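# Tertiary structure, described
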Amino acid sequence: MSTESLIQIKNVSRTFRRGAEEIHVLSGLNLEVKAGEFLALMGPSGSGKSTLLNLIGGLDRADQGSVQIGGDRIDQLNDRQLAAWRARHVGFVFQFYNLMPALNAARNVELPLLLTHISKRERMAHVEIALGGVGLSHRLTHYPRTLSGGEQQRVGIARAIVTDPTLLLCDEPTGDLDRKSGDEILSLLQTLNREHGKTIVMVTHDPHASARASRTVHLDKGQLSTEAPA
Amino acid sequence: MKFFALVFSNLKRRKLRTILTLLSIFVAFLLFGFLCAIKEAFLAGVSIAGADRLIVRHKVSLIQPLPQSYEAKIEALPGVDAVAALTWFGGIYQDPKDFIATFPVDPDKYLDMYPEIVVAPDVLTKWKQTRNGAIVGKTTFDRFAKSQGWKIGDRIPFTSPIWGQPEGQAQWEFEIVGVYTAGKKGADDTSFIFRYDYFEEARAPERKGTIGWFGVRVKDAAQAAEVASRIDAQFANSPHETKAEAEGAFAAGFASQVGDIGRIVAGVVGAVFFTILLVAGNTMGQSVRERTEEIGVLKAMGYPNGLVLTLVLLESCLLALLGGLSGLGLAWLVTLGGSPVPQMLPVFVIPHRDLALGGVFALGLGLLAGAIPAIQAMRLQIAVALRKLG
């Protein structure tokens, strides 16, 4: 594992408004994640896990503080630059897979590649490699409704890694799966981390899932409470 | 093109809703096509009117006759190149529903005045040799050949509610000497044209020596208004004062007797399109609302806001163009088969400009129907969209 910091979050705060009420979700939070790390973010509901994941992925903006990913101050990028940055550097894995129901597995995985300038033949080659990597070479033309939850999440992971991003951000990737399928997904993430060097940040409620990570941090009321190396 | 599968897949999500919306748009554009053809039928005379041709009619009304003797006087006026007299005969073949636009004319003068009426030389020769000879527009001839077995050389009995019976005969009888065709798109090829000398000889004595109106060709189109004034001045304060006007204005005035066809068509089309805009807009709005999370996911992948806006607009335009062009296409195919009511609408074609306009309307419908959902999708915040998950 590299000792170089990939993610540097300094003094980040994020507040939401609900009517007249202000909710301080993150307050002066600091976090570093090294390249090649597999970090689990744990904490109770409302602790700010998903908000922190969104800030790391450039899906949301901090009210204050800095978010630096691989040398890019993403908090200083405009919307267009941020979209281009996400396309190049981040792959997202969602709890409910979020596949396009009207597209088959291959077309779903192809979606991030449509933002690149590579040819259709090259796109299909990348798609086949990604789906092969998650063990779904035989499911290219299957639509999401014909796949099991575990298979859909594998397609989701293939979609996240097809552009070979620097960073994989997973929001409860096993939250909608049974134990067996969840274990398979976690093993797959571990493989991507250990064998392919992907840096992974995973939000989870599940101690069983966090046990697969190389490091776990706990959030409570917008602050890091404890850090636990695996 | 690489985004086509994504755009098209969204239309397949709710097949029934997409089909119903497509059908609504299809019917609207089918109606648009037919209304354009109907408008063209009424205004065909305007669009094919010669810039160098005038119509001279009675100042009071078109149905008031003019003395035939005016022809020579008009011909003698400066700036006048040629004159041809026409009269509305109102011919009925056997049954009142088989009404045919029928005119007695001088063959040479008429064909010289209206070169868009194309007659083969042998037919013209035969016509001149046959006192009660008549030429029939191809559309009408084909129609009656099919339904009544008309053939060249047949003697056809006609009645006329305007001119009654010919002297010494129970009904008018014409020999079909040939067929004429329209030499210009939109020109009439449905009339029945016979010789004025036969008409003049056979009609009642008290009505002889009159005609309906004159077609006048001027030597210089730029001088048409001046020549028209000159003609009217010639017959001012006479028992039969004239009104001379450009052929296009005459045709427009004739069509406006039914109503302002253009405005009626625009009104109906406007109401239909407004309704379709609401239907298509609602479909797109629902479709985008259902996909809030998916749009959030696309943005998370790095799809920029402008691309998301474009994808929604493309989807909306694809829907509108599929439905619109299908409807227009079917209307066009139907008009290729000719008028379904040739006795009422002799010309039944959709002009190319209206087909192009229909295409522009379909595209405009797509852009308008998709505008609000597309802007909403563009402005959608990813974190908000993804919070809808679970």
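From a predicted model like this one, the values you see are computed outputs, not experimental measurements.

What follows concerns the overall build of chain B. Within chain B, the secondary structure is distributed over 14 helices and 14 strands. Radius of gyration (C-alpha) of chain B: 29 Å, far over the 21 Å computed for a compact globule of 390 residues. With respect to the three principal axes, the spread of C-alpha positions in chain B is 95 × 50 × 35 Å. The buried share of chain B, reckoned over its 390 residues, is 41%. Counted over contacts in chain B with a minimum sequence separation of 6, partners at least 24 positions apart contribute 81%.

Residues and elements named next belong to chain B. On average, residues of chain B carry a pLDDT of 88, and 93% of them reach 70 or more. For chain B, helix α9 (residues 247–255) is the element with the lowest average pLDDT, namely 71, and strand β8 (residues 133–137) is the one with the highest, namely 95. What the predictor reports for the complex is a pTM of 0.71 with an ipTM of 0.91.

With that settled, the discussion passes to the interface of chain A and chain B. One frequent convention defines the size of an interface as the accessible area lost when the parts assemble. On the chain B side, the residues contacting the 25 residues of chain A number 21 residues. Across the side of chain A that touches chain B, the residue classes tally to 15 nonpolar, four polar and six charged.

Next up on the list: helix α1 (residues 4–11) of chain B. Taken together, the buried positions of α1(B) are B:Leu6, B:Asn10 and B:Leu11. One side of α1(B) carries all its buried residues, which in axial view fall inside an arc of 145 degrees.

Residues and elements named next belong to chain A. The strand order across the open sheet formed by four strands is β2-β1-β4-β5, and the pairing between neighbours is antiparallel. For this open sheet the edge positions go to β2 (21–34) and β5 (72–73), each flanked by a neighbour on one side alone. Bridge analysis of strand β1 (residues 5–18) against β2 gives 10 bridges, and the strand direction is antiparallel. Paired with Arg14 across the bridge in β2 is Leu26.

Analysis parameters
- Residues numbered from 1 in each chain as written.
- Chains lettered and ligands numbered in written order.
- Predicted model: local features only at pLDDT ≥ 70, side-chain atom pairs only at ≥ 80, totals over all residues.
- Helix = DSSP H or I, 4+ residues; strand = E, 2+ residues; numbered from the N terminus.
- Rg over C-alpha atoms; globule rule 2.2 N^0.38 Å.
- Buried ≥ 20, exposed ≤ 12 C-beta atoms within 10 Å, placed from the backbone.
- Contact = placed C-beta atoms within 7 Å.
- pLDDT = per-residue confidence, 0-100.
- Nonpolar A, V, L, I, M, F, W, Y, C, P; charged D, E, K, R; others polar.
- Arc of directions from axis to C-beta.
- Pairing = 2+ DSSP bridges.

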